[in-house]
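# Descriptive structure summary
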Amino acid sequence: MQNHENKEESSPIFPDEIVHLDAINKMIDEALLEAQDSVERSDKEYMDMKRYMAEYRGELDPHEMFQNQLGLRQIDNTGAFAVTIRDKLAKLKESPYFARIDFRQDLADEAEPFYIGRFAFNHKNKLRISDWRSPLASMFYDYEVGPASYTAPMGKTDGDLTRKRQFKIKDGVMEYALESSANIYDDVLQQELSQTADEKMKSIIGTIQKEQNQIIRDEKSKTLIIQGVAGSGKTSIALHRIAFLLYRFKEQITANNVTILSPNKVFGDYISSVLPELGEEPIFEISFEDIAHIQLEKVMDFEVDKDPFLEADKAWILRKQFKSSLEFVKRMDDFIAGMPEIIFGPVDYTYGRFTFTADNLRMRFAAYNKHPVKQRLQMLADEVYERFATDNFMEEDIPRSRTILKALKAMLKVKNTLELYRKFYEDMGQSAMFVLAGKKKLEWGDVFPFLYLHAAYEGVKESGVIRHLVVDEMQDYSPIQYAVLNRLFPCPKTILGDFGQSINPLSRHTLADLLNIYEEAQLVKLNTSYRSSYEIINFAKQIQANDELKAIKRHGPIPEVIGCDSPQIEMQKLRQLIQSYRKSKYHTLGIIVKTEEAARILFDSLPSAEDLHLISDESRSFEGGISVTSVQMAKGLEFDEVIIMDVDQESYRSEYDRSLLYVACTRAMHRLSVLYAGSRSLLLP
Ligand SMILES: Nc1ncnc2c1ncn2[C@@H]1O[C@H](COP(=O)(O)OP(=O)(O)OP(=O)(O)O)[C@@H](O)[C@H]1O
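Just so we're clear, the structure is a prediction, and the values are computed from it rather than from any experiment.

On to the pairing of strand 25 (residues 668–677). Strand 25 sits mainly inside the fold: nine of its 10 residues count as buried. Of the strand pairs in this sheet, strand 20 (residues 560–564) and strand 25 are connected by five bridges, and their pairing is parallel. Residue pairing across strands places Gly 563 opposite Tyr 676, the latter belonging to strand 25. Running through helix 24 (residues 655–665), the crossover from strand 24 (residues 639–644) to the neighbouring parallel element strand 25 is right-handed.

Judged by how many residues are buried, strand 8 (residues 223–228) sits mostly within the fold: six of six residues are covered. Burial along strand 8 is two-sided: Thr 223, Ile 225 and Gln 227 facing one way and Leu 224, Ile 226 and Gly 228 facing the other are all buried. Strand direction decides the pairing type here: strand 8 and strand 16 (residues 493–497), joined by five bridges, are parallel. Bridge assignment links Ile 225 to a residue of strand 16, and that residue is Ile 495. Bridge count between strand 8 and strand 17 (residues 522–526): five bridges; the pairing is parallel. Counterpart to Ile 226 in the pairing with strand 17 is Val 524.

Summarizing the sequence annotation, UniProt attributes the feature "binding site: ATP" (unreviewed entry) to Gly 228, Val 229, Ala 230, Gly 231, Ser 232, Gly 233, Lys 234 and Thr 235 in the numbering used throughout. Narrowing the list just given to those that line the largest cavity leaves Ala 230, Gly 231, Ser 232, Gly 233, Lys 234 and Thr 235. Mapped onto the elements, Gly 228 comes out in strand 8. Once residues lying within four places of it in the same chain are set aside, the contact partners of Gly 228 are Lys 234, Gly 497, Asp 498 and Leu 526.

Here we come to the sheet that holds strand 20. One key point about sheets: their strands pair by backbone hydrogen bonds, in either a parallel or an antiparallel sense. Here six strands make up an open sheet; going across it, the order is 20-25-24-21-23-22 and the pairing parallel. Since the sheet does not close on itself, it has two edges, and those belong to strand 20 and strand 22 (612–615), each with one partner. Within this sheet the neighbouring strands show an average axis-to-axis angle of 20 degrees, counted without direction. Each of strand 20, strand 21 (588–593), strand 23 (625–630), strand 24 and strand 25 is contacted by helix 21 (residues 567–583), which is oriented at about 160 degrees to strand 25, the strand it contacts most.

A separate point is helix 11 (residues 326–337). End to end, helix 11 covers 17 Å across 12 residues, agreeing with the expected 16 Å (1.5 Å per residue, within 8%). Packed against the buried residues of helix 11 are helix 10 (314–322), helix 12 (339–343), helix 16 (417–428), helix 17 (444–457), helix 18 (479–488) and helix 19 (511–517).

Another aspect to go through is the site of the ligand. In the vicinity of the ligand there are 22 residues, among which Thr 207, Lys 234, Thr 235, Glu 638 and Arg 667 approach most closely. With respect to the ligand, the backbone of Gly 231 contributes an N or O atom lying 3.0 Å from an oxygen atom. With respect to the ligand, the side chain of Lys 234 contributes an N or O atom lying 2.6 Å from an oxygen atom. Contact with the protein chains hides 95% of the accessible area of the ligand, taken as 640 Å² for the molecule alone. Counting atoms within 2 Å of the grid points, the majority share of the ligand lands in the largest cavity. Of all the secondary structure elements, the ones that give two or more residues to the shell around the ligand are helix 4 (182–193) and helix 6 (234–248). Sort the elements by how many residues they give to the shell around the ligand and helix 6 lands first, with three residues. Per-class residue counts for the shell around the ligand are eight nonpolar, 10 polar and four charged.

Moving on to unusual backbone geometry. If you check the backbone angles, Lys 124 has positive phi at about 50 degrees while not being a glycine. Tracing the chain through its elements places Lys 124 in the loop between strand 3 (121–123) and strand 4 (126–131). The exposed category is assigned to Lys 124, whose relative accessible area is 64%. Unusually for a residue other than glycine, Lys 440 sits at a positive phi of about 50 degrees.

We now examine empty space enclosed by the protein. Inspection of every chain in the model, using the stated rule, returns one cavity of 30 Å³ or more. Volume-wise, the largest cavity comes out at about 620 Å³. Around the largest cavity, the lining is made up of 36 residues, and of these Met 201, Gly 233, Ser 236, Arg 531 and Glu 638 lie nearest the centre. The set of elements that each furnish at least two residues to the lining of the largest cavity consists of helix 4 and helix 6. Of the residues in the lining of the largest cavity, the class split is 10 nonpolar, 15 polar and 11 charged.

This part takes up the sheet that holds strand 17. Taking strand neighbours across the sheet as the criterion, the six strands line up as 10-9-15-16-8-17 in an open arrangement whose pairing is parallel. Only two strands of the sheet have a single partner each, and these edge strands are strand 10 (284–286) and strand 17. Pairwise comparison of adjacent strand axes, ignoring direction, gives a mean angle of 20 degrees for this sheet. Seen against the sheet, helix 18 touches strand 9 (258–261), strand 15 (468–471) and strand 16 and runs at an angle of roughly 165 degrees to strand 15.

Below, the discussion takes up the layout of surface pockets. There is about 1300 Å³ of room inside the largest pocket. Looking at the largest pocket, it is lined by 49 residues, and the ones nearest its centre are Pro 263, Glu 289, Asp 305, Trp 444 and Gln 632. Of the residues forming the lining of the largest pocket, the biggest block, five residues, is contributed by helix 17. Classifying every residue of the lining of the largest pocket by side-chain character gives 18 nonpolar, 14 polar and 17 charged. In this model, the second largest pocket occupies a volume close to 1100 Å³. Lining the second largest pocket are 34 residues, and of these Phe 81, Thr 84, Ile 85, Lys 88 and Gly 279 lie nearest its centre. Among the elements of the structure, helix 1 (15–55), helix 2 (62–94), strand 3 and helix 6 are those that each provide at least two residues to the lining of the second largest pocket. A total of 11 residues in the lining of the second largest pocket trace back to one element, the largest contributor, which is helix 2. In terms of residue class, the lining of the second largest pocket is built from 16 nonpolar, eight polar and 10 charged.

So, how was this worked out
- Residues numbered from 1 in each chain as written.
- Predicted model: local features only at pLDDT ≥ 70, side-chain atom pairs only at ≥ 80, totals over all residues.
- Heavy atoms only, no water.
- Buried < 20%, exposed > 50% of the residue type's maximum accessible area, 1.4 Å probe, protein only.
- Helix = DSSP H or I, 4+ residues; strand = E, 2+ residues; numbered from the N terminus.
- Pairing = 2+ DSSP bridges.
- Right-handed = clockwise from strand over helix to strand, strands pointing away.
- UniProt positions renumbered as here; feature names shortened; annotations may be inferred.
- 1 Å grid on protein atoms, 1.4 Å probe; cavity = no way out; pocket = protein on both sides within 12 Å on 5 of 7 lines; lining within 4 Å.
- Contact = heavy atoms within 4.5 Å.
- Axes fitted to C-alpha atoms, helices over the stretch in contact; angles between N-to-C directions.
- Expected span 1.5 Å × (residues − 1).
- Near = heavy atom within 4 Å.
- Polar contact = N/O pair within 3.5 Å; in protein donor to acceptor, adjacent residues only side chain to side chain.
- Areas by Shrake-Rupley, 256 points an atom, 1.4 Å probe, with all protein chains shown as cover.
- Sits in = over half its atoms within 2 Å of the grid points.
- Nonpolar A, V, L, I, M, F, W, Y, C, P; charged D, E, K, R; others polar.
- Points joined across faces, edges and corners; volume = space filled by probe spheres on them.

Written out as structure tokens, the structure is:
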């Protein structure tokens with residue numbers, strides 16, 4: 001075991017902690033052996049039972065066969081459970097805990113030590129390690145030494161924290177142990193942040209900040225909106241929050257009940273290891289394109305979104321912009337509210353001596369306004385049938401509800417959503433705002449308005465399974481997309497993003513609009529950026545002013561702006577920078593250009609190498625090493641080093657270009673270089 005030094009006093013420290021870790025390691029080893037034993041035992045039991053059933057197949061009576069099958073299922077469940085426990089223990093063995101708090105409850109004589117780790121660990125009926133998500137562990141994040149309390153489902157417990165310690169244990173060996181105070185907590189955070197990037201996002205349970213902890217443990221908000229500056233840990237916190245909710249509400253919600261709406265597959269892959277690292281199953285991820293595919297299957301085809309920077313068709317841009325405001329959703333809501341008048345033209349429905357008058361039909365049709373039109377007609381048909389049946393004292397022949405429904409359908413003035421959608425624009429006097437991309441093929445900008453109307457006309461496939469939805473990069477989605485999302489997922493939501501990183505020139509909505517959509521939402525703001533060095537954040541702030549953005553005091557090289565006389569020299573310079581990256585301690589390099597097309601061209605022009613990858617909208621995974629990509633695809637990702645190419649005055653001049661540059665710069669953790677050929681962009685400091 002290593003010698004452990006207190007950073008402040010540089011004297012050997014905490015022999016008691018070394019003894020304690022040894023003891024815990026032994027207990028985990030013991031528990032691991034037991035767990036392995038029980039996995040093997042249940043494997044054997046399963047095989048024995050299967051063999052028995054196979055051998056005596058013809059002789060067992062159905063009752064015994066059924067009993068055996070039940071038994072088999074039970075062994076299978078027990079086995080799966082044993083495997084989970086064994087895997088958790090194996091993870092715990094690498095790093096059993098990261099903190100210790102000593103807590104003295106009011107009225108108690110002495111403080112009791114609690115060790116906090118990724119999972120709880122019981123040994124010989126005694127809790128040896130508390131789960132970081134437990135109410136007690138919250139005190140580690142919320143309090144310094146002194147008065148402290150925690151709230152569990154049973155109530156509040158007051159007392160004093162008499163000690164806080166932090167540890168780094170790797171492969172069962174203690175790398176450091178520190179007596180914790182606010183300063184030390186910061187030091188440990190600094191240490192964590194100065195590490196080079198992993199291929200995937202990792203958990204941060206040892207250094208969660210107080211304001212982040214409050215978000216993670218928020219149990220009350222039905223909708224939680226996190227507006228956080230670049231690198232403030234939003235994504236990370238959202239995932240830790242899911243881990244917390246899965247722990248806190250384990251009876252009501254499992255990983256299968258949670259979905260994250262992520263901007264693309266690369267991002268999904270990048271964040272995919274956080275929950276498994278925390279001992280939870282990975283959650284399902286979905287994109288708006290996936291939603292469109294599911295909902296529009298057999299209804300309409302659609303065209304995928306286009307890059308607004310490459311699109312020269314002015315009319316297309318106008319159409320897209322028209323549909324991107326909150327006002328647009330209001331107009332659709334008004335249209336839907338007036339829909340009965342527009343689409344339903346009832347006449348008296350008469351069968352023999354029975355009549356349901358046109359007025360009655362109109363009134364009852366309006367009364368079912370919570371339901372889609374098609375469903376309303378069915379309900380109305382049933383109601384007419386019921387009325388006739390009740391009045392049918394003489395037991396005459398009356399129509400079946402299917403027959404009535406047919407007659408009601410004939411009273412519809414609009415026969416499908418597409419017709420209705422077109423009418424919506426006609427009624428506004430804005431027919432030019434709707435153009436089909438092909439036969440039964442919607443432009444991307446029409447997909448969600450269409451679906452919103454489709455929900456009102458035919459109905460949509462609602463998800464009963466999803467009990468919590470996480471929406472990342474909230475600034476990228478339009479109000480009409482949120483309106484559809486609310487129909488499809490009427491469950492609690494964690495919505496996060498940064499309106500300072502809006503890079504869609506066609507999007508017009510703001511945080512205020514989002515708050516307008518989610519009136520009951522709780523809004524929290526995060527203003528400290530943990531990702532980038534102080535120098536990089538200062539540089540980014542000079543590109544896009546942001547008074548709220550605070551940098552963490554972790555220093556690194558000052559970003560370099562490198563002017564080149566020609567594109568050829570710029571490429572030469574890039575090659576040099578790549579070489580020096582390869583010799584450095586860094587693990588990831590992002591080479592960022594403005595568009596997808598430019599990324600492809602640049603990637604093709606670089607000599608292929610094992611560590612060189614293109615991240616495009618077709619990519620599925622984040623590979624680490626060197627990634628050539630567009631700003632759009634780089635969103636949400638981070639790299640040890642970033643090189644931004646072609647930052648000349650021609651390419652970066654508008655306000656949107658400013659946001660693009662800001663997003664690109666804030667992807668860098670430690671080192672940033674900006675290259676241009678010809679005239680330097682005036683947006684640069
Ligand atoms: N409390 C913390 N302790 C250690 N690392 C942290 C902490 N908070 C955030 N980080 C790190 O900061 C980086 C940025 O986090 P994350 O990607 O979640 O930020 P974000 O707000 O989603 O960023 P962006 O909007 O720019 O994509 C990650 O490397 C994350 O691990």
